[in-house]
Amino acid sequence: MRGTAWAMAALLLASGCASYDRTERAKSQIAFGSEVARKGLWREAAFRFEQAIAREPGNARAHNNLAVALEATGEFARALTEYKKALELGPNDSYIRRNYARFAEFYTSYTRTTGKAAGAP
Amino acid sequence: MLPRLRALRAAGVAALALLLAVAPASAGVSQVRLKLPLKPRLPLRGNERLALAPFILVTEAEKARDKRLQNVDLQGEFHRFLKKQVDKKTKLEVIETPPDLKLPTQNLAELSRATEFWRSVGVTTGADVIVSGSLEFRIEDRSGYKTEEYVSPINGQTYYRQVYVEQTGFLFDIVFLVFDGHTGEKLLQDEFKDFRQTGGRRADELQGLFENLFSLENQILNLFVAREREADRYLFTD
């Protein structure tokens, strides 16, 4: 009985550490991605934000940043998906909301002029 | 001593307020400027022959009343501007239509349906696409009395007073009609508007016209070629 309790505690601690480690690694990918994005290296930035999402899929910030990077590289349909995901995960974040609103304005006029969802496969 | 302490305290409060105000933007968020590609409105290859046909002048009737409009050859200036921009920023070949070419109607809706007329223009000029539409340029005198806040240097109280402000507004409204030179069918109809306001009643009308035109340049060229648009976005940094 005591052994089981110890095993459970160890498991919880290990999963907690792993989760903390994943968050930290996601953060470092976001930090690096945003740094290269500011230098205009948007494809590298998108790759870094994808890595952050792979480590922490529920990270609204990573989804937002990936959406911005996809927008910068002209992949608007994918950017829309990522903005929606970011908004779903962080509905009260004012930065994500503002980004999404501005993108929606642009994307609406863009699809109106081209007649189809741009960047769609 | 007391006023000095008060001033120090006020400065401290102001600094704290400033710190709180900028904190959300600096705490892990930065603003980036993107250049978004804008696809051309017309599905062109890029090397077509483009004929510039006359435009309907909406304000022609007002020329008799407004002397300042008489100084502006709107048709000529707009054609020259459009030809120069298309020559400089696209690979389209610009063809001028014959100088005696008369539009079959002065009604925009009827002009957009004059398929036979546009097909014949296409045959005569050998153009792949023909551009026409309507132009409107108005000079608006917006001078008048406006209410202004005024703090009296004698008693420090705020009063309201009427002041005369001289302002001129330039309104430019263009409707583009683009036709297929082979079939005469309408390919696109779009409208662009711009309003500029300048101080002073005697602002130059030609300068006003070109301010309108240059502010619409990107949108006009985007009819024919891809352009870029700048947009700001927020990026999280951690």
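Rules behind the numbers
Starting afresh in each chain, residues are numbered from 1 along the sequence in its written order. Just so you know, chain letters begin at A and ligand numbers begin at 1, following the order they were written in. For a predicted model such as this one, the threshold for reporting local features is a pLDDT of at least 70, and the threshold for listing and counting side-chain atom pairs is 80 or more; totals across whole chains, interfaces and linings nevertheless cover every residue. Side-chain descriptors were evaluated using all non-hydrogen atoms of the structure, hydrogens and water having been removed beforehand. For every residue, the predictor states its confidence as a pLDDT score lying anywhere from 0 to 100. Per-residue accessibility, obtained with a 1.4 Å probe over protein chains only, is compared with the maximum for each type, and a residue is labelled buried under 20%, exposed over 50%, and partly exposed between these values. Strands are runs of DSSP state E lasting at least 2 residues, helices are runs of H or I lasting at least 4, and numbering of each runs from the N terminus. Here the arc refers to the directions that run from the helix axis out to each C-beta atom. Contact definition: two residues touch when any of their heavy atoms are within 4.5 Å. The term salt bridge refers to a pairing of a side-chain nitrogen on Lys or Arg with a carboxyl oxygen on Asp or Glu at a separation within 4 Å. At least two DSSP bridges between two strands are required for those strands to pair. Pairing of aromatic rings covers Phe, Tyr and Trp, the last counted by its six-membered ring, and requires centre-to-centre distances within 6.5 Å; plane angles under 30 degrees mean stacked, over 60 mean edge-to-face, and any other angle means tilted.

Engineer: Kindly report on the confidence of the model for chain B, identifying the contributing residues and their values.
Structural biologist: For chain B, the mean per-residue pLDDT works out to 83, and 83% of the residues sit at or above 70. The ipTM assigned to the predicted complex is 0.79, against a pTM of 0.62.

Engineer: Please set out helix α5 (residues 115-125) of chain B residue by residue, giving values where relevant.
Structural biologist: Since one α-helical turn is 3.6 residues long, residues separated by three or four positions face the same way. All names here are of chain B. When we look at burial in α5, the residues that qualify are Phe117, Trp118, Val121, Gly122 and Thr125. Across the axial projection of α5, the buried residues extend over an arc of 140°, all falling on one side. With respect to the buried face of α5, the exposed residues turned more than 90 degrees away are Glu116 and Val123. Of the surrounding elements, those touching the buried residues of α5 are β2 (49-57), β3 (93-96), α4 (108-112), β4 (129-141) and β7 (167-180). After α5 finishes, the residue Gly126 shows a positive phi value of roughly 75°.

Engineer: Give me the pattern of salt bridges: which residues, what numbers.
Structural biologist: In total, this model carries 17 salt bridges over all chains according to the counting rule given. Ionic pairing is found between Arg48(A) and Glu44(A), a salt bridge with its closest N-O pair at 2.8 Å. Here Arg48(A) pairs with Glu44(A), and both are found in helix α2 (residues 42-55), just four residues apart, close to one helical turn. Judged by its relative accessible area of 31%, Glu44(A) is partly exposed. With a closest N to O distance of 3.9 Å, Arg45(B) and Glu48(B) form a salt bridge.

Engineer: Give a detailed account of the pairing of β7(B), specifying residues and quantitative values.
Structural biologist: Each regular strand displays side chains that alternate between the two surfaces of the sheet. All names here are of chain B. Within β7, 14 of the 14 residues are buried, which leaves it mostly tucked inside the rest of the structure. Across the two faces of β7 the burial is the same, with Gln167, Gly169, Leu171, Asp173, Val175, Leu177 and Phe179 and Thr168, Phe170, Phe172, Ile174, Phe176, Val178 and Asp180 all buried. Where β4 and β7 come together, 13 bridges link them in antiparallel fashion. By the bridge assignment, Glu136 is partnered in β7 with Asp173.

Engineer: Mind laying out the packing of aromatic side chains, listing which residues take part and the relevant values?
Structural biologist: Tallied over the full model, the rule gives 17 aromatic pairs over all chains. Between the aromatic rings of Tyr83(A) and Phe103(A), the centroid separation amounts to 5.0 Å while the plane-to-plane angle is 35°, which identifies the pairing as tilted. With a gap of 20 residues between them, Tyr83(A) in helix α4 (residues 76-89) and Phe103(A) in helix α5 (residues 94-114) connect regions that are remote in the sequence. Both rings, one in Phe78(B) and one in Phe176(B), keep their centres 6.2 Å apart while their planes meet at 55°; by these two values the pair is tilted. With Phe78(B) in helix α3 (residues 74-89) and Phe176(B) in strand β7, the pair connects residues that are 98 residues apart, well separated along the chain. The same class applies to Phe78(B) as to Phe176(B), namely buried. Through a chain of ring-to-ring contacts, the aromatic side chains of Phe55(B), Phe78(B), Phe137(B), Phe170(B), Phe172(B), Phe176(B) and Phe192(B) assemble into a single cluster.

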